[in-house]
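Residue-level listing of the chains:
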Amino acid sequence: MRNTYLYRWLILASIFSLFIALTTSAQTISGQVTDATTGTGLPGVSVLVTGQTAGAITDANGLYNLSVGPGSYTLRFSFVGYTTQNIPVQVTAGNTSTVSVKLVEGLASLNEVVVVGSRSTQARTSTETVAPVDVIQSRDLQATGQIDLTQQLNFVAPSFNSSRQTVSDGTDHIDPATLRGLGPDQVLVLLNGKRQHNQALININGTIGRGSVGTDLNAIPSSAIERIEVLRDGASSQYGSDAIAGVINLRLKERPGTTVNAQVGQYYKGDGQVAQIGINHGFKLGEKGFLSLTGEFRHRGATNRAGDYTGPVYTNWNVGQQSGESAAAYVARRQNLYQQDQTLIQQNNFSLKNNLQVGNARVDNAGFFLNARVPIANSNASFYASGGLNYRRGLAGGFYRYPYQTSQVITSIYPNGFLPNIQSSINDQSLLVGVNGETMGWRWDISNVYGGNSFRFDVTNSNNASLAYLGTQNNPTSFYAGTLSFYQNSADVSAAKDFGKQLGLTSFNVATGLTYRNDQYRIKPGEAASYLNFSPTSGQIGGSQVFPGYQPANAVNATRNVYGGYIDLESDVTTRLLLNAAGRYEYYSDFGGNLAGKIAARYRFSEAFSLRGSISNGFRAPSLHQRYFSAISTVFVSNGTILEPRQTGTFRNDSPIAQAFGVPPLGAERSTNYSIGITSRPLPNVSVTVDAYQINITNRIIYSNQFSRGTAGAGLIVANILNGAGQTDVNSAQFFANAVNTQTQGIDVVIATNPRLRTGTLDITLAANFNQTKLVGDIQRPANVPTDATFGNFLFNRQDSARLTVAQPKSKIQLTFNYRLRKFGAVLRFSRFGTVQAYDPANPALDEIQNPKLITDLSLSYRILKNLNMTVGANNLFDIYPDRLRVANYPTPERYGAAALDNSSFGRFVYSRSATQFGFNGGYYFVNLSANF
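Residues numbered from 1 in each chain as written. Predicted model: local features only at pLDDT ≥ 70, side-chain atom pairs only at ≥ 80, totals over all residues. Heavy atoms only, no water.

When its secondary structure is counted, the chain shows 10 helices and 47 strands. Scaling as 2.2 N^0.38, a compact globule of 933 residues should have a C-alpha radius of gyration of about 30 Å, and the chain matches this with 29 Å. The C-alpha extent of the chain, read off along each of the three principal axes, is 100 × 55 × 55 Å. For the chain, with 933 residues in total, the buried portion stands at 59%. Across the chain, every contact between residues at least 6 apart in sequence was considered, and the portion connecting residues at least 24 apart equals 71%. Carbon and sulfur atoms make up 56% of the accessible area of the chain, which amounts to about 34,300 Å² in all. (Helix = DSSP H or I, 4+ residues; strand = E, 2+ residues; numbered from the N terminus. Rg over C-alpha atoms; globule rule 2.2 N^0.38 Å. Buried < 20%, exposed > 50% of the residue type's maximum accessible area, 1.4 Å probe, protein only. Contact = heavy atoms within 4.5 Å. Areas by Shrake-Rupley, 256 points an atom, 1.4 Å probe, with all protein chains shown as cover.)

Time to look at the nonpolar core. Within the largest apolar cluster, 32 residues are counted, with the highest numbers of intra-cluster contacts made by F457, L484, Y521, F547, Y550 and F629. Mapped by element, the contributors of at least two residues to this core are strand 23 (421-439), strand 24 (442-460), strand 25 (479-498), strand 26 (507-525), strand 27 (556-572), helix 7 (624-628) and strand 34 (686-703). Excluding anything up to four places from it in sequence, Y521 contacts A200, L484, S485, F486, V556, N557, A558, L624, H625, Y628 and F629. Formed by 27 residues, the second largest nonpolar core is a distinct cluster that contains A177, A224, L250 and I697. (Core = buried A, V, L, I, M, F, W, Y, C linked by side-chain atoms within 4.5 Å.)

Between its first and last C-alpha, helix 5 (residues 327-347) extends 30 Å over 21 residues, near the 30 Å set by a 1.5 Å rise per residue. Among the residues making up helix 5, those that are buried are Y330, V331, R334, L337, D341 and I345. Along the long axis of helix 5, the arc covered by the buried residues comes to 130 degrees, so they all point the same way. The exposed set on the far side of helix 5, more than 90 degrees from its buried face, consists of A328, Q346 and Q347. Once helix 5 ends, the next one or two residues include N349, with phi positive near 50 degrees. (Expected span 1.5 Å × (residues − 1). Arc of directions from axis to C-beta.)

Let's shift gears to the packing of aromatic side chains. Scanning the model with the defined rule gives 37 aromatic pairs in all. With 5.9 Å between their ring centres and 75 degrees between their planes, Y309 and F906 make a pair best called edge-to-face. Remark: F906 occurs in the loop between strand 46 (868-875) and strand 47 (924-932) and Y309 occurs in the loop between strand 20 (289-300) and helix 5; sequence separation between them is 597 residues. Residue class for Y309 comes out buried when judged on its relative accessible area of 3%. For F906, a relative accessible area of 0% translates into the label buried. Here F605 and F609 contribute two aromatic rings whose centre-to-centre distance is 5.5 Å and whose plane-to-plane angle is 40 degrees, an arrangement assigned as tilted. Put simply, the rings of Y309, Y314, W317, Y338, F350, Y400, Y402 and F906 touch in pairs and so form one group of aromatic residues. In this arrangement the basic side chain of R180 is found over the ring face of Y693, its NZ or CZ atom lying 3.6 Å from the centre. (Phe/Tyr/Trp six-rings, centres within 6.5 Å; stacked < 30°, edge-to-face > 60°. Lys NZ or Arg CZ within 6 Å of the ring centre and 35° of its normal.)

Ordered by their spatial adjacency, 4 strands build an open sheet running 3-2-5-6, and the pairing between neighbours is antiparallel. Pairing within the sheet leaves two strands with one partner each, and these edge strands are strand 3 (55-57) and strand 6 (85-91). Strand-to-strand twist in this sheet, taken as the mean axis angle between neighbours without regard to direction, amounts to 20 degrees. Pairing of strand 2 (residues 46-49) with strand 3, which is carried by 3 bridges, proceeds in the antiparallel orientation. When the sheet's bridge partners are listed, L48 is paired in strand 3 with G55. (Pairing = 2+ DSSP bridges. Axes fitted to C-alpha atoms, helices over the stretch in contact; angles between N-to-C directions.)

The grouping of V264, F824, L860, Y862, I864, L865, M870, V872, V927 and L929 at the surface amounts to a nonpolar patch, some 840 Å² of accessible area in total. Counting residues per element, the ones that place at least two in the nonpolar patch are strand 45 (853-865), strand 46 and strand 47. Here I864 lies in strand 45. (Patch = residues over 30% accessible without salt bridge, like charges linked within 9 Å, V, L, I, M, F, W, Y side chains within 5 Å. Salt bridge = Lys/Arg side-chain N within 4 Å of Asp/Glu carboxyl O.)

One open sheet holds the 5 strands; their spatial order is 11-16-17-14-15, and the pairing between them is mixed. The open sheet is flanked by strand 11 (133-137) and strand 15 (194-195), the only strands paired with a single partner.

The topology assignment puts T728 in the loop between helix 9 (713-724) and strand 36 (732-734). Using a relative accessible area of 53% as the deciding quantity, one classes T728 as exposed. In the structure, T728 is positioned 192 residues away from P536 in sequence and 9.7 Å away in space, judged by C-alpha atoms. Setting aside residues up to four positions removed in sequence, T728 forms contacts with R709, L722 and N723.

Bringing the confidence of the model for the chain into the picture now. When pLDDT is averaged along the chain, the result is 88; 91% of the residues meet or exceed 70. Low confidence marks residues 1-25, where pLDDT is under 50. Its contacts with residues over four positions away, or in another chain, come to 40 contacts. (pLDDT = per-residue confidence, 0-100.)

You can see N198 is positioned in the loop between strand 15 and strand 16 (225-231). Taking the relative accessible area as the measure of exposure, N198 reaches 17% and is therefore buried. Among the polar contacts made by the side chain of N198, one reaches the main-chain carbonyl oxygen of G214 at a distance of 3.4 Å. Within polar-contact distance, the side chain of N198 engages the side chain of T215 at 3.2 Å. (Polar contact = N/O pair within 3.5 Å; in protein donor to acceptor, adjacent residues only side chain to side chain.)

For helix 9, built from 12 residues, the straight-helix expectation of 16 Å at 1.5 Å per residue is met to within 8% by its first-to-last C-alpha distance of 17 Å. If you check which residues of helix 9 are buried, you get A714, G715, V718, A719, I721 and L722. Taken around the axis of helix 9, the buried residues stretch over an arc of 165 degrees, which confines them to a single face. Count one or two residues on from helix 9 and you reach G726, which has phi positive near 80 degrees.

The subject of this paragraph is the side chain of T166. In this fold, T166 is placed in the loop between strand 12 (160-161) and strand 13 (178-179). Within the structure, the side chain of T166 is placed 2.9 Å from the backbone nitrogen of G359, a separation counted as a polar contact. Ignoring any residue separated from it by four or fewer positions in sequence, one finds T166 in contact with D172, Q357, V358, G359, R913 and F920.

Moving on, we get to the environment of S538. Inspection of the secondary structure assignment puts S538 in the loop between strand 26 and strand 27. As for S538 and A465, which are separated by 73 residues in sequence, their C-alpha atoms are 9.9 Å apart. Only 2.7 Å separates the side chain of S538 from the backbone oxygen of S535, close enough to count as a polar contact. Here Q540 takes part through its backbone nitrogen, which lies 3.2 Å from a polar atom of the side chain of S538.

Following the criterion strictly, the structure yields 35 salt bridges and no others. Of the charged contacts in the structure, one is a salt bridge between D800 and R210, with a shortest N-O distance of 3.7 Å. One end of the pair, D800, is in helix 10 (residues 798-805); the other, R210, is in the loop between strand 15 and strand 16, and 590 residues separate them in sequence. By relative accessible area, R210 is classed as buried at 17%. For R255, the salt bridge identified is with E226, shortest N-O distance 3.7 Å. With a gap of 29 residues between them, R255 in the loop between strand 17 (246-252) and strand 18 (257-267) and E226 in strand 16 connect regions that are remote in the sequence. Like R255, the residue E226 is buried in the burial classification. Connected through shared salt-bridge partners, D148, R164, D175, E296, R298 and R300 make up one network.

Our focus in this paragraph is unusual backbone geometry. Apart from glycine, the bulk of residues carry a negative phi angle, and the bulk of peptide bonds sit in the trans form. Phi at V167 is positive, roughly 50 degrees, even though this residue is not glycine. Within the secondary structure, V167 sits in the loop between strand 12 and strand 13. For V167, a relative accessible area of 7% corresponds to the buried category.

What follows deals with the pairing of strand 45. Looking at chain direction, strand 42 (residues 824-833) and strand 45 are connected through 10 bridges and run antiparallel. The residue of strand 45 that forms the bridge with R829 is D857. Where strand 45 and strand 46 come together, 7 bridges link them in antiparallel fashion. Of the residues in strand 46, the one forming a bridge with L860 is V872. The hairpin turn running from strand 45 into strand 46, its antiparallel successor, is 2 residues long.

Pasting the structure below:
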């Protein structure tokens with residue numbers, strides 16, 4: 001596979017060498033864009049020839065060059081934080097035209113020309129589209145003080161949510177990200193307008209997005225990004241399956257010059273040290289071509305916010321009451337065992353502090369990206385390419401294995417127990433090549449993008465307890481546990497033309513295209529010692545502790561083909577009315593076909609007020625991961641007093657075990673989206689957008705709870721099914737199924753203004769998202785799935801329901817002040833995260849509620865030199881933490897049974913790990929240096 005990638009990169013390099021020397025003969029428009037107040041050149045300004053595809057980005061000194069033919073044109077100059085200007089220019093043959101512009105401070109992203117959300121040849125700003133689009137510039141991302149893209153977006157886009165997870169296996173290393181409170185797999189990610197591949201990891205632990213597959217946004221260096229467009233509307237008919245909640249389009253840098261950004265920082269607690277450096281350099285290739293290269297390295301140290309452990313270590317005193325034993329005798333026995341345990345703890349100097357790692361995993365990340373465009377000589381066409389390589393290595397802890405847990409610990413190796421680690425190696429690659437241009441008024445594009453993501457699991461500081469007989473010297477403590485991978489190849493052919501003049505309309509754009517996609521999902525098993533039980537009758541648990549390896553029975557190499565075609569119509573029917581209609585048909589070789597459509601409109605009542613709305617349907621086919629993932633793993637399940645280890649098997653939807661439970665084949669999730677909103681400019685320096693939405697989703701795919709074996713009732717049914725399939729070591733079974741319908745309602749608000757000041761400039765932005773998701777109708781239980789009062793609802797219980805409906809903030813409000821005075825700058829941001837909740841599977845007394853919290857971020861910057869800027873800042877300035885777990889009546893010798901209601905796992909968890917608003921690491925301070933050359 002590595003040779004294949006090397007070959008692709010060599011081919012790309014050869015193509016660059018061939019086309020770098022080619023230029024198009026044309027007239028030149030050049031000039032400089034400066035700040036009207038300071039007179040300094042503005043880098044990164046978009047210069048667009050309206051009604052055409054020609055455009056440029058200013059360099060580090062605000063300079064630009066455009067190549068066009070003779071004629072009359074209108075240039076549109078737009079830059080976040082400045083008022084857009086339209087300048088007419090007349091170009092004559094043989095002459096060079098100079099157009100220099102001074103931009104005045106103005107409203108921010110609402111005036112930015114956007115790409116996503118419309119396939120029209122007409123340039124439109126985010127307020128001129130039929131659907132809401134957030135435009136986030138690279139400097140907005142940098143101003144957050146965060147280094148990971150998911151966390152940067154979390155603090156600039158209210159409808160976007162992402163919280164780091166802990167003690168959650170692979171999910172510790174890839175952050176789940178959501179839009180409008182839906183799932184990670186219900187938002188589509190584009191890179192330069194082309195579909196970005198999904199991650200290899202499927203989230204199967206108790207986290208946000210459980211059972212889903214997202215896109216690893218952190219595999220894309222933020223240093224390579226020019227801006228991000230977030231389309232907050234259903235767009236399956238425009239961009240394909242997965243775009244139920246919306247689309248995130250990442251635009252890579254194109255401008256010439258060099259940008260360097262470096263940051264160091266750490267949390268107030270003294271851990272989680274961060275070091276990041278990103279370098280981007282852009283070359284001009286001829287008059288209109290460019291090559292942009294980016295390299296970025298990120299180091300993120302581990303954090304730990306675990307509490308002190310109060311449970312058994314060497315002797316298990318948290319035992320059950322024996323038959324016929326009196327309460328007094330039972331307590332006396334527990335007290336005696338407790339004293340034995342305390343004596344051994346003191347003799348062995350065992351520390352009860354921080355023997356669990358609850359916080360960020362340690363991560364080292366290195367990425368390289370390129371973005372290029374080269375005009376093809378003597379034509380109206382260009383060759384373009386983009387791609388990247390990213391490598392991440394992570395280290396995260398699991399649950400501590402204590403010496404008393406003799407079925408899991410080889411005490412001759414670990415006399416004091418051990419904290420096992422999951423070591424991840426994540427590789428991400430992508431390569432896009434294409435040609436686009438214009439012929440007879442048709443703007444066409446042909447492209448192919450190949451990408452993939454792999455996740456290798458290694459387990460360190462562990463043991464396979466069933467190998468105890470080998471002795472200390474021969475027993476392995478590190479294991480290769482297997483690799484997940486997902487690869488995708490997408491080919492697109494599209495064309496668009498505006499027939500407005502022929503029809504006597506301002507515009508009537510017709511866009512159409514064909515797509516082909518090939519998906520491939522693989523599971524490679526780990527080494528034998530990572531999953532085998534070498535002494536099944538001994539009572540010892542086999543496989544590597546914390547993460548048993550994938551077995552040969554789990555190995556899979558599944559593929560599918562997806563074919564699609566779409567048509568997108570958009571017309572300025574009048575100067576006030578804009579209509580859009582889109583339809584797409586997709587056929588999945590392993591699933592079947594689907595037709596999605598959308599109708600949208602915007603009506604401009606006046607320059608100060610417009611109304612927009614849309615109705616659409618969409619669908620999301622089951623991912624290959626959901627169809628073909630299987631594994632045997634150790635999960636920790638609460639019994640109301642302690643988290644107990646349990647060997648659970650995830651079985652494929654088409655497996656004999658799933659069929660024995662009566663689980664039908666997976667079907668598609670289907671959605672209906674409604675939205676209506678307003679855009680208003682009540683004052684010259686005030687902009688307002690308000691968009692309300694409702695998203696109905698039927699047949700949502702869920703990852704079931706554990707169907708646990710027992711000796712009676714439903715448990716006996718489960719035991720018989722598992723034993724009949726030869727899974728005698730497995731305590732419970734899980735699978736994927738279409739089980740619930742949901743309705744999500746919400747409202748997005750963005751208000752921006754820049755009040756005129758006597759000195760300096762001030763931008764104020766208030767952005768908010770309010771949403772709620774609820775279950776609609778009954779849970780769709782397969783006929784043979786048992787439900788029993790003793791074991792609860794195996795398929796979808798209260799805890800699962802909470803993850804979908806209340807585990808993400810019901811509101812997020814962000815108020816940002818950005819002040820600039822000559823060389824000084826300051827950014828003050830207030831972020832209010834709404835309530836989140838976590839439910840216990842069966843006992844409401846164990847439910848947790850975390851109240852809203854207000855987080856304050858502050859950064860101060862100073863331009864040391866003309867091209868060098870220093871920023872010092874603090875995120876979570878006042879060191880705010882989520883509410884602590886309320887229910888922490890952990891067991892003691894005297895407290896047991898119903899009196900012992902513990903969510904903290906004997907004090908080890910101080911904060912909820914299944915429902916988080918903004919993380920629980922506390923305040924973080926940093927120093928940032930940025931330079932432009």
